[in-house]
Amino acid sequence: MTAQIIILHGPSSSGKSTTAKAVQNAIDAPFLHFSIDHLRDNGVLPSGRISRGDFLWSDMRSHFFDGFHASLAAYAAAGNNLILEHIFDTPEWVADLKRLFVPFDVFFVGLHCDVEELRRRELNRGNRVIGSAVQDHQSVHLGRIYDIEIDNQSSTTQNAQFILDGVRSGIRTSEFANLSKTGP
């Protein structure tokens, strides 16, 4: 059976992590949950040295994301279902993931959140660059074609159920649909 990949895409602080956990806890098969935050927060990145200026994130960023994306495809190729949180703020990433995810059943979810709520969440989190959520809000959804879009200010439980219903339906209409037939 082909691995399934659920991509949760939206601005910083839009609730991707909370939604991913709710979906993971409710779905009827095991799904691994991946995000850049997991890697950053668990010490994969030399964040302290980047902060001190020993290393430049700008020099590391493309290599890091190339490896991250390839690792996701490797996990799926090994038969693992995935829930991926991502912010497609670099145009090449979508093309790369479309190419890497050709063999898999991808369900692409757009998460939306009001600007004022994004600002509030960003301030409350305390670990985000202030203004990045609003900057993301203005650009990340442009040109994206989703299987479903949800308002992530609504009930997390209801949103998780909406995503699960969509995944189970087998209907795929996003830009990741039928990649093996149409190409990236």
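These numbers come from a predicted model, not from an experiment.

Here we look at the sheet that holds strand 5 (residues 148–151)
Reasoning step 1: An order of 2-3-1-4-5 is seen for the five strands of this open sheet, with the pairing classed as parallel. Every other strand in the sheet has two partners, leaving strand 2 (31–34) and strand 5 as the edge strands with one partner each. Between one strand axis and the next, the sheet turns through 20° on average, direction left out of account.
Reasoning step 2: Both strand 2 and strand 3 (residues 81–86) contribute to a ladder of four bridges, which runs parallel. Bridge pairing in strand 3 places Phe 31 opposite Asn 81.

Some thoughts on the packing of aromatic side chains
Reasoning step 1: One pass over the full model with this rule turns up ten aromatic pairs.
Reasoning step 2: The interplanar angle of 70° and the centroid separation of 6.4 Å between the aromatic rings of Phe 101 and Phe 104 together place this pair among those described as edge-to-face. Taken individually, Phe 101 and Phe 104 each receive the classification buried, so the pair is uniform in this respect.
Reasoning step 3: Here a set of aromatic residues connected by ring pairs shows up, and it is made of Trp 57, Phe 64, Phe 65, Phe 68 and Trp 93.

So, the nonpolar core
As a rule of thumb, nonpolar side chains are buried together in soluble globular proteins.
Reasoning step 1: Counting 24 residues, the largest nonpolar core has Ile 5, Ile 7, Phe 101 and Phe 176 as the members making the most contacts within it.
Reasoning step 2: Among the elements of the structure, strand 1 (4–9), helix 4 (57–77), strand 3, helix 5 (91–100) and strand 4 (105–112) are those that each provide at least two residues to this core.
Reasoning step 3: The biggest single contributor to this core is helix 4, with six residues.
Reasoning step 4: For Ile 5, the residues in contact, after removing those within four places along its chain, are Ala 76, Leu 82, Phe 101, Phe 104, Asp 105, Val 106 and Phe 107.
Reasoning step 5: One finds Val 23, Val 109, Ile 148 and Leu 164 within the second-largest nonpolar core, a separate group that totals 16 residues.

Some details on the packing of helix 1 (residues 16–26) against helix 8 (residues 156–169)
Reasoning step 1: Running from amino to carboxyl end, helix 1 crosses helix 8 at an angle of 60°, the nearest separation of the two axes being 9 Å. Between helix 1 and helix 8, the interaxial angle falls into the category oblique. Taken as a pair, helix 1 and helix 8 cross one another with a handedness that is right-handed. Residues Thr 18, Thr 19, Ala 22, Val 23 and Ala 26 of helix 1 touch helix 8, and the partners they reach there are Thr 156, Ala 160, Ile 163, Leu 164 and Arg 168.
Reasoning step 2: In the contact of helix 1 with helix 8, the residues fall into six nonpolar, three polar and one charged.

Conventions we followed
- Residues numbered from 1 in each chain as written.
- Predicted model: local features only at pLDDT ≥ 70, side-chain atom pairs only at ≥ 80, totals over all residues.
- Heavy atoms only, no water.
- Pairing = 2+ DSSP bridges.
- Helix = DSSP H or I, 4+ residues; strand = E, 2+ residues; numbered from the N terminus.
- Axes fitted to C-alpha atoms, helices over the stretch in contact; angles between N-to-C directions.
- Phe/Tyr/Trp six-rings, centres within 6.5 Å; stacked < 30°, edge-to-face > 60°.
- Buried < 20%, exposed > 50% of the residue type's maximum accessible area, 1.4 Å probe, protein only.
- Core = buried A, V, L, I, M, F, W, Y, C linked by side-chain atoms within 4.5 Å.
- Contact = heavy atoms within 4.5 Å.
- Parallel < 35°, antiparallel > 145°, perpendicular 65-115°, else oblique.
- Left-handed = near helix turned anticlockwise from the far one by under 90°.
- Nonpolar A, V, L, I, M, F, W, Y, C, P; charged D, E, K, R; others polar.

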